[in-house]
Structure formats: structure tokens, C-alpha cells
Amino acid sequence: GENGVGGRAVRVGTRRSQLARIQTDSVVEMLRELYPNLRFEIVAMSTTGDKILDTALSKIGEKSLFTKELENALERNEVDLVVHSLKDLPTSLPPGFTIGAVCKRENPLDAVVFHPKNSGKTLSLLPEKSVIGTSSLRRAAQLKKKFPQLEFRDIRGNLNTRLKKLDEKEDFSAIILAAAGLKRMGWENRIGQLLSPEDCLYAVGQGALAVEVRAKDQEILNMVSALHDADTVLCCIAERAFMKRLEGGCSVPVAVNTMLKDGQLYLTGAVYSLDGSDSLKETMQTSVHYPEQNEDGPNDDVQHVGITAKNVAGQAQEAAEKLGVELASLLLSKGAKHILSVARQLNDA
């Protein structure tokens, strides 16, 4: 259709938060440039994760906290695609859905935002017993170990809410957030310290945007697949495969760092006890140097940990997935299962 799919607008689902809107707008902008004669309409909705703000994310125990309502709308054909932060998407998607595009990744590192009175400091320079806000078990576990003199406390709410809590009260000396979100909001100037992978490995998929679609909707799938960034796809497949094999989620501290260089994909993965005292960390690599191929035919809808990337070499995707699985298996053989199940029990308690 000239003005949309089959003559109607393409409807794009998003969460209502300001960051979610900015992320969705950026994806729609790319689509408008690629398809100038299609019409795109944005449909915003609230999710469970947006409504339950008084409970730690890791305690709610619902994997699809920020995605369920959006997926319901996708299932009912009320929207044609949904934009998410990839790190919010579980490694197993509900049947009938797929990630049709993974956009070029923004900086995946974690960032420290300081209370104005601590401006110019770093975590190591904060006074003893300073309170750091983070809702992530992964960040807390790594930083407790590295900075035993600091205290870590839960902070919830969207980015705006968290920054307000930091600035207007004296409860927190600093908070930890994803650099990517701050950058997208135009608040890069608030980043007081970027945490290197040596300080803090990041979350699976952090910094990448994902476009979720109905797996059988070829028209939409073909349309969004132009947004795939091949390097990001391979890194994120490896990370998601690692997480899936470990059966990790929001309720356990699992962290990664990936790098693609000269056709080699390097994956570092780690698991932590809640207080960071117990941890396992390993790095593996594999070659993902395969020519682009257009494999039309029965294979063109193969999913790798929920991602359908038609325009990325299939062998490279397989190698990336295998890397994630093998790294997780290595950690499991060294006792990761015990660390994770204790973390899960403590967190549930």
C-alpha cells in the first residue's frame, strides 16, 4: 500500500515513559527515512512495570514486566511492531513473536550520576557509608565487592523520577544508570563516571533497541529487518544465549561484555552472589567471519534466542549463539548453578 501496509498506517507500540518515547521516535524516524511513502502511527501504553513502583524489580518476579501489555496489543493486531530496550526482553519470547530488528547499539556501559554536592567525585572518592541507588542486583553485586565501604539501596521509577529523587533529597550520594538511557534523554552531561567493564560488566542486551513483531507477519518483518545492525545482532545473540543457558533473569546477577574485532567475537560472562563475594567470570571467543548470504527458502525465518535476522549471515549467528551457550556451560561446570540458586533463594526471601 502506498500510505501504509495494505493502505493503512503502520502502528508502533511503545511504553509511555519519556525514554521509551524517545527510543520509539528514533526507530520510527529511521523507518520513515527508509520508507518515505509509508505512514507510521505511535500508540503509547502503560505496562505493569510502570505501575508497580514501590517494589524492587527483582522481587516482582515477572519476566515480562515492561513487555506484556505491549505484546498483548501486538497479538490482538492493535499494533504492528513494538519498540523495546533489548535488555527488557526475556531470552524466550512467547510463541508467535520475534525480534525483527536489533538497532545499532548505543554505549552499553553503566554510568554513575552524582548528587550535586558530590559533583566531580568518583565512587572511590565518596565518603564511607555513602548510599548508592540502583535497582539492579547485577550492578549492586559487582560494586559491593569493588567498593565495600559504600552502601547500596534500591531506587525505582523511570529515569526522570530517579534523577529527581537523587537531586531533591539527601537519601542518595549517587545512582547508577545505563549510559545509553542518559545519552538518549540528552542528559549525558550528568554522567560523572563511566564504569568500565573492569568495574562493572553490563546487562545482556544493554544499550540496544529491539523491534518486536509477529513472527508470521512477513510484510512487517521484511520492513523492519532493514534496521538490523549486524555487529550488534551478533553480540546480542551471544549475550542472550549465555543468559538463556544460565536461566538468568532479573532476579539473579548475570553480566557480560562483548567485543567484535577483525571477525572475532569475544564474550566475557560472569555470575555473582548477591553481595558479590562469590563470583565466576570467563572469556571465550569465536570466529564470526562469514560472507553475507541471502538464503531464501525454508531457512529464512530461523530464530536465534528470539531474534530473526534475515540479512545477517546465518553461520555467523549460529557461531554467536554457540559461543554464548559454551561460555555458560563452562561457568556451570565451575559451579555457577549453585551461586545462582543461592542468589535466587536469597532474593526471593
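Residues numbered from 1 in each chain as written. Predicted model: local features only at pLDDT ≥ 70, side-chain atom pairs only at ≥ 80, totals over all residues. Heavy atoms only, no water.

### Observations regarding the packing of helix α9 (residues 230–246) against helix α10 (residues 314–333)
Between α9 and α10, whose axes approach to 7 Å, the crossing angle comes to 35 degrees. Handedness of the crossing formed by α9 with α10: right-handed. On α10, the residues touching Leu234, Ile237, Ala238, Ala241, Phe242, Arg245 and Leu246 of α9 are Ala316, Gln317, Ala320, Glu321, Leu323, Gly324, Val325, Leu327, Ala328, Ser329, Leu331 and Leu332. Tallied by class, residues from the contact of α9 with α10 come to 14 nonpolar, three polar and two charged. (Axes fitted to C-alpha atoms, helices over the stretch in contact; angles between N-to-C directions. Helix = DSSP H or I, 4+ residues; strand = E, 2+ residues; numbered from the N terminus. Left-handed = near helix turned anticlockwise from the far one by under 90°. Contact = heavy atoms within 4.5 Å. Nonpolar A, V, L, I, M, F, W, Y, C, P; charged D, E, K, R; others polar.)

### Here we look at the pairing of strand β8 (residues 174–178)
With five of five residues buried, β8 is to be regarded as a mostly interior element. In β8, alternate side chains face the same way, and those of Ala174, Ile176 and Ala178 on one face and Ile175 and Leu177 on the other are all buried. Pairing of strand β5 (residues 110–114) with β8 involves five bridges; the strand directions are antiparallel. The residue bridging Ala111 from the neighbouring strand is Leu177, located in β8. Pairing of strand β6 (residues 131–133) with β8 involves two bridges; the strand directions are parallel. (Buried < 20%, exposed > 50% of the residue type's maximum accessible area, 1.4 Å probe, protein only. Pairing = 2+ DSSP bridges.)

### Structural notes on the environment of Glu239
Relative to the assigned elements, Glu239 resides in helix α9. Of the residues examined, Glu239 reaches a relative accessible area of 0% and is grouped as buried. Sequence spacing of Glu239 and Ala203 is 36 residues, and the spatial spacing of their C-alpha atoms is 8.8 Å. In contact with Glu239, other than residues within four places in its own chain, are Arg105, Tyr202, Ala203, Val204, Gly205, Val256, Thr258 and Leu267. Within the structure, Glu239 has its side chain in polar contact with the side chain of Thr258 (distance 2.6 Å). (Polar contact = N/O pair within 3.5 Å; in protein donor to acceptor, adjacent residues only side chain to side chain.)

### Points about the state of the cysteines
On inspection of all chains with the given rule, the structure shows zero disulfides. Between Cys236, a cysteine without a disulfide, and Cys235, which holds the nearest cysteine sulfur, the sulfur-to-sulfur distance is 6.5 Å. (Disulfide = S-S within 2.5 Å.)

### With respect to the nonpolar core
Note on soluble globular proteins: their nonpolar side chains tend to be buried together. In terms of nonpolar packing, the biggest core is built from 54 residues, with Leu86, Ile99, Val102, Phe242, Leu246, Val254 and Val271 touching the most fellow members. When contributions to this core are tallied by element, the ones reaching two or more residues are α4 (68–75), β4 (97–102), α9, β11 (254–261), β12 (264–272), α10 and α11 (336–348). Here this core gets 10 residues from one element, more than from any other, and that element is α9. When neighbours within four sequence positions are excluded, Leu86 is seen to be in contact with Ile99, Val102, Gly205, Ala208, Leu209, Ala210, Cys236 and Arg240. In this structure, Val27, Val28, Leu31 and Met223 belong to the second largest nonpolar core, which totals 19 residues. (Core = buried A, V, L, I, M, F, W, Y, C linked by side-chain atoms within 4.5 Å.)

### Quick look at the pairing of β5
The buried fraction of β5 amounts to five of the five residues, a majority that puts the element mostly inside the structure. Alignment of β5 against strand β9 (residues 191–195), held across four bridges, turns out to be antiparallel. Residue Ala111 lies in a different strand from β9, and its bridge partner there is Leu194.

### Concerning the sheet that holds strand β2 (residues 40–45)
Ordered in space as β2-β1-β3-β10-β4, the five strands form an open sheet in which the pairing is mixed. Two strands lie at the open edges of the sheet, namely β2 and β4, each paired on one side alone. Strand-to-strand twist across the sheet, computed as the mean angle between neighbouring axes with direction ignored, equals 30 degrees. Each of β1 (10–15), β2, β3 (81–85) and β10 (209–214) touches helix α1 (residues 18–34); the most contacted strand, β2, lies at about 165 degrees to it.

### Remarks on the side chain of Thr24
Residue position: Thr24 is located in helix α1. On the basis of relative accessible area, Thr24 is assigned to the buried category, the value being 0%. When residues no more than four places from it in sequence are discounted, the contact partners of Thr24 are Val12, Thr14, Ile42 and Val83.

### Things to note about the pattern of salt bridges
Evaluation of the coordinates by the stated rule reveals 16 salt bridges. Across the pair Lys146 and Asp199 runs a salt bridge whose closest N-O atoms are separated by 3.5 Å. On the criterion of sequence distance, the pair formed by Lys146 in helix α5 (residues 137–146) and Asp199 in the loop between β9 and β10 is long-range, its members being 53 residues apart. In this structure Asp199 comes out as buried when scored by relative accessible area, which is 17%. Each of Arg11, Asp80, Arg214 and Asp217 takes part in one network of salt bridges that share partners. (Salt bridge = Lys/Arg side-chain N within 4 Å of Asp/Glu carboxyl O.)

### Concerning the sheet that holds β11
Sheet strands pair by backbone hydrogen bonding; their relative direction is either parallel or antiparallel. Ordered in space as β11-β12-β13, the three strands form an open sheet in which the pairing is antiparallel. Each edge of the open sheet carries a strand with a single partner, namely β11 and β13 (279–287). Within the sheet, the average angular offset between the axes of one strand and its neighbour, ignoring direction, is 15 degrees. For β12 and β13, the ladder comprises nine bridges, and the chain directions are antiparallel. Its bridge partner lying in β13, Gly269 is registered against Glu282. Seen against the sheet, α9 touches β11 and β12 and runs at an angle of roughly 150 degrees to β11. Running over the sheet, α11 touches β11, β12 and β13 and is turned about 50 degrees from β12.

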